[in-house]
Amino acid sequence: MRETLAVCGETVGLGKAAAAKPQNLLQANSANILFVGSPDLCPDGCIGKIFCPFLISMANTILIGAQWGDEGKGKIIDVLTAKADIVVRSQGGNNAGHTVIHRGSKYVLHLIPSGILRRGKTCVIGNGVVIDPVALVAEIDGLRELGLTIGRNLLISDCAHLVLPYHRLLDEQRELRQDRAIGPAYGDKAARTGLRISDLMQPIVFSKKLQAKISENNRILQALGAKPISFHLVNKSYLAAGERLRPFVGNTVVFLHRALERGKEILFEGAQGTFLDIDHGTYPYVTSSNTTAGGACTGTGVPPHRVDRVIGVMKAYTTRVGEGALPTEDVRLTQMLHSLGREFGATTGRKRRCGWFDAVATRYATMINGIDDLAITNLDGLDDVDPIHVCVAYRLNGKPLNVPPSDAVQLANCEPIYEEVRGWNSSTHSARKLSQLPLAAREYVRYISKLTGARLSVISVGPGRSETIIL
């Protein structure tokens with residue numbers, strides 16, 4: 001993380017020392033701190049060689065899910081945006097949902113970054129996102145009805161690809177899992193036949209390309225036994241949505257780089273989770289984009305060396321929606337959490353499968369993403385669970401494994417090796433400091449942090465902003 005120290009009323013970033021060229025510039029040997037100006041003359045009241053103690057974090061942060069999605073990223077992002085200037089979405093589509101509870105109101109966001117809930121923040125939908133423009137307009141209208149201002153605080157990349165009605169129908173006809181057409185949209189992108197926001201901003205160009213694509217896909221749909229799509233209806237609705245979105249569209253790469261030059265703090269908002277990544281997830285039960293930290297760079301145009309830290313969000317237990325292996329799945333834990341009204345999908349409302357904390361998976365996620373800090377959510381979900389089981393290794397064909405196998409069948413055949421820890425049998429909702437948690441709860445979060453291999457920084461004990469412990 002880059003840090004600067006405000007000295008004698010000035011602040012200079014380490015990356016800009018050469019450009020600043022102050023007359024009296026000293027660099028501390030080990031503290032990564034720059035002292036600027038005369039130490040004898042400080043307009044803020046510092047005297048002699050005592051420098052101003054205001055340390056400013058200049059962190060550009062990637063926040064990702066360290067499990068199978070639904071880790072509570074929306075709440076953690078909402079908390080972190082208090083210090084961020086810009087919040088960027090880099091991948092996925094409106095199949096992902098972030099739920100944020102604020103002042104008794106529930107906000108479910110699909111495409112718009114969670115920073116939209118705070119004043120003074122700019123939200124960016126990057127080039128790596130696939131956008132259904134009709135759905136995005138509906139989301140904007142819905143948020144405005146809730147009293148939120150959406151104007152110059154939202155930017156959309158002109159390079160983002162479009163999700164179109166035939167993508168959704170192809171998903172349905174191929175009997176794929178409910179992915180809201182995201183897979184076929186990314187498929188067109190990879191095949192270099194997709195339509196982008198930049199096309200939508202040129203009505204004549206868009207209509208010509210759309211007609212060719214609908215003609216092509218109608219033949220496929222008819223072969224699959226589905227009804228053809230009306231070009232005129234789709235063209236009309238998408239062009240209308242495009243006009244509504246026009247004020248927000250531009251080159252977001254240039255915007256982000258100029259923001260970096262001005263020292264703005266950027267938060268990259270991940271959607272879904274590490275093990276849904278197209279390359280590193282539990283293939284084929286994955287999404288169609290890179291949900292890991294690297295996807296934040298390719299999906300926004302911000303280079304890796306401008307990222308300062310990666311925060312991994314994980315539940316105090318494990319959940320997953322849909323098919324695919326979940327080695328620590330436990331029926332009794334699932335039933336208990338569902339009976340509490342927990343673990344239902346923000347977008348689909350589907351019941352999530354639940355299991356014990358999987359340290360094998362989260363340790364691997366730390367490796368893939370380069371996770372520096374951990375945010376543990378839903379600790380309160382275990383308030384009445386005793387004992388608690390933690391998976392510390394797998395066993396496959398009699399042999400222990402410390403990393404998950406890449407083959408889906410092998411992963412499904414893995415037997416979790418558990419360690420048992422005591423529960424705390426009391427509510428954690430009111431805790432606002434680590435010391436206010438029950439002793440057993442403190443020991444538990446420290447234990448899973450140690451197993452994961454990253455620094456524990458945030459603990460969530462409820463859905464609201466205030467129900468958060470910052471370490």
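Residues numbered from 1 in each chain as written. Predicted model: local features only at pLDDT ≥ 70, side-chain atom pairs only at ≥ 80, totals over all residues. Heavy atoms only, no water.

J.: Hey, could you run me through the packing of aromatic side chains in this one?
T.: Within this structure, the stated rule accounts for three aromatic pairs. Measuring from ring centre to ring centre gives 5.8 Å for Trp-424 and Tyr-444, while their planes differ by 50 degrees; the resulting arrangement is tilted. Here Trp-424 is found in the loop between β22 (415-421) and α14 (439-452), whereas its partner Tyr-444 is found in helix α14, with 20 residues between them in sequence. Each of the two residues, Trp-424 as well as Tyr-444, counts as buried. (Phe/Tyr/Trp six-rings, centres within 6.5 Å; stacked < 30°, edge-to-face > 60°. Helix = DSSP H or I, 4+ residues; strand = E, 2+ residues; numbered from the N terminus. Buried < 20%, exposed > 50% of the residue type's maximum accessible area, 1.4 Å probe, protein only.)

J.: Can you help me understand the environment of Arg-119 in this one?
T.: If you trace the backbone, Arg-119 turns up in the loop between β8 (105-109) and β9 (122-125). Its relative accessible area of 84% is what places Arg-119 among the exposed residues. For the pair Arg-119 and Thr-149, spaced 30 residues apart in the sequence, the C-alpha separation amounts to 8.4 Å.

J.: How should I be thinking about the pattern of salt bridges in this particular structure?
T.: Two side chains bearing opposite charge may form a pair once their charged atoms approach each other closely. Considering all chains together, one arrives at 16 salt bridges under this definition. Put simply, Arg-352 and Asp-70 hold a salt bridge, and the shortest N to O gap is 3.4 Å. Taken together, the residues Arg-352 in the loop between α11 (331-339) and β17 (353-355) and Asp-70 in the loop between β5 (61-65) and α2 (73-80) connect sequence positions 282 residues apart. Judged by its relative accessible area of 26%, Asp-70 is partly exposed. Of the charged contacts, one joins Asp-199 and Lys-209 as a salt bridge, the two residues approaching to 2.9 Å between their closest N and O atoms. Placement of Asp-199 in helix α6 (residues 197-200) and of Lys-209 in helix α7 (residues 203-223) is noted, with a sequence separation of 10 residues between them. Residue Lys-209 is classed as partly exposed on the basis of its relative accessible area of 39%. A single salt-bridge network, built from bridges that share partners, covers Asp-70, Lys-315, Glu-343 and Arg-352. (Salt bridge = Lys/Arg side-chain N within 4 Å of Asp/Glu carboxyl O.)

J.: Looking at this structure, how should I read empty space enclosed by the protein?
T.: One simple way to see leftover space: roll a probe sized like a water molecule over the atoms. A full pass over the atoms with the stated rule returns four cavities of 30 Å³ or more. Reported here for the largest cavity is a volume of approximately 40 Å³. Taken together, 13 residues form the lining of the largest cavity, with Ile-64, Ser-90, Gly-270, Thr-292 and Ala-296 sitting closest to its centre. Every element with two or more residues in the lining of the largest cavity is listed here: β5, β14 (266-269) and α10 (293-298). For the lining of the largest cavity, the residue count by class is five nonpolar, seven polar and one charged. (1 Å grid on protein atoms, 1.4 Å probe; cavity = no way out; pocket = protein on both sides within 12 Å on 5 of 7 lines; lining within 4 Å. Points joined across faces, edges and corners; volume = space filled by probe spheres on them. Nonpolar A, V, L, I, M, F, W, Y, C, P; charged D, E, K, R; others polar.)

J.: In this structure, what is going on with the nonpolar core? I would like to understand it.
T.: As a rule of thumb, soluble globular proteins bury nonpolar side chains together. Residues Leu-379, Leu-382, Leu-437, Tyr-444 and Ile-459 are the most contacted members of the largest nonpolar core, which totals 63 residues. Those residues in contact with Ile-459, other than ones at most four positions away along the chain, are Ile-376, Leu-379, Leu-434, Leu-437, Val-445, Glu-467, Thr-468, Ile-469 and Leu-471. (Core = buried A, V, L, I, M, F, W, Y, C linked by side-chain atoms within 4.5 Å. Contact = heavy atoms within 4.5 Å.)

J.: Could you clarify how one ought to interpret the environment of Arg-353 in this entry?
T.: Looking at the secondary structure, you find Arg-353 in strand β17. Spatially, the C-alpha atom of Arg-353 lies 8.2 Å from that of Leu-326, the residues being 27 residues apart in sequence. Each residue touching Arg-353, except ones within four places of it in the same chain, is listed here: Thr-318, Thr-319, Arg-320, Gly-322, Glu-323, Gly-324, Ala-325, Leu-326, Glu-329 and Thr-334.

J.: Even after reading the chapter, I still don't get the confidence of the model for the protein chain, so can you show me in this structure?
T.: Where the model shows low pLDDT, its predicted coordinates should not be examined in detail. When pLDDT is averaged along the protein chain, the result is 86, and 85% of the positions lie at 70 or above. Of the regions scoring below 50 in pLDDT, residues 1-58 engages in 91 contacts with residues more than four places distant in sequence or in other chains. (pLDDT = per-residue confidence, 0-100.)

J.: Before we go on, may I ask you to explain helix α4 (residues 165-173) in this structure?
T.: An α-helical turn contains 3.6 residues, so a residue and the one three or four places further along point in the same direction. Among all positions in α4, only Pro-165, Tyr-166, His-167, Leu-170 and Asp-171 are buried. Elements in contact with the buried residues of α4: β12 (161-162), α5 (182-191), α7 and α8 (231-245).

J.: How do you make sense of the side chain of Glu-343 when you look at a structure like this?
T.: Within the secondary structure, Glu-343 is located in the loop between α11 and β17. In this structure the side chain of Glu-343 is engaged in a polar contact, spanning 2.6 Å, whose partner is the side chain of Lys-315. Separated by 2.6 Å, the side chains of Glu-343 and Tyr-317 make a polar contact. Leave out the neighbours within four places in its chain, and Glu-343 touches Lys-315, Tyr-317, Thr-319, Leu-337, His-338, Arg-350, Lys-351, Arg-352, Cys-354 and Asn-378. (Polar contact = N/O pair within 3.5 Å; in protein donor to acceptor, adjacent residues only side chain to side chain.)

J.: I'm lost on the state of the cysteines in this one. Help?
T.: Among covalent bonds in proteins, the disulfide is the one between the sulfur atoms of two cysteines. A complete count under the given rule lists zero disulfides for this structure. Take Cys-414: it sits in no disulfide, and the sulfur closest to it among the cysteines is that of Cys-391, at 8.9 Å. (Disulfide = S-S within 2.5 Å.)

J.: How do you make sense of the side chain of Asp-171 when you look at a structure like this?
T.: On the secondary structure map, Asp-171 appears in helix α4. Residue classification places Asp-171 among the buried residues on the basis of a relative accessible area of 6%.

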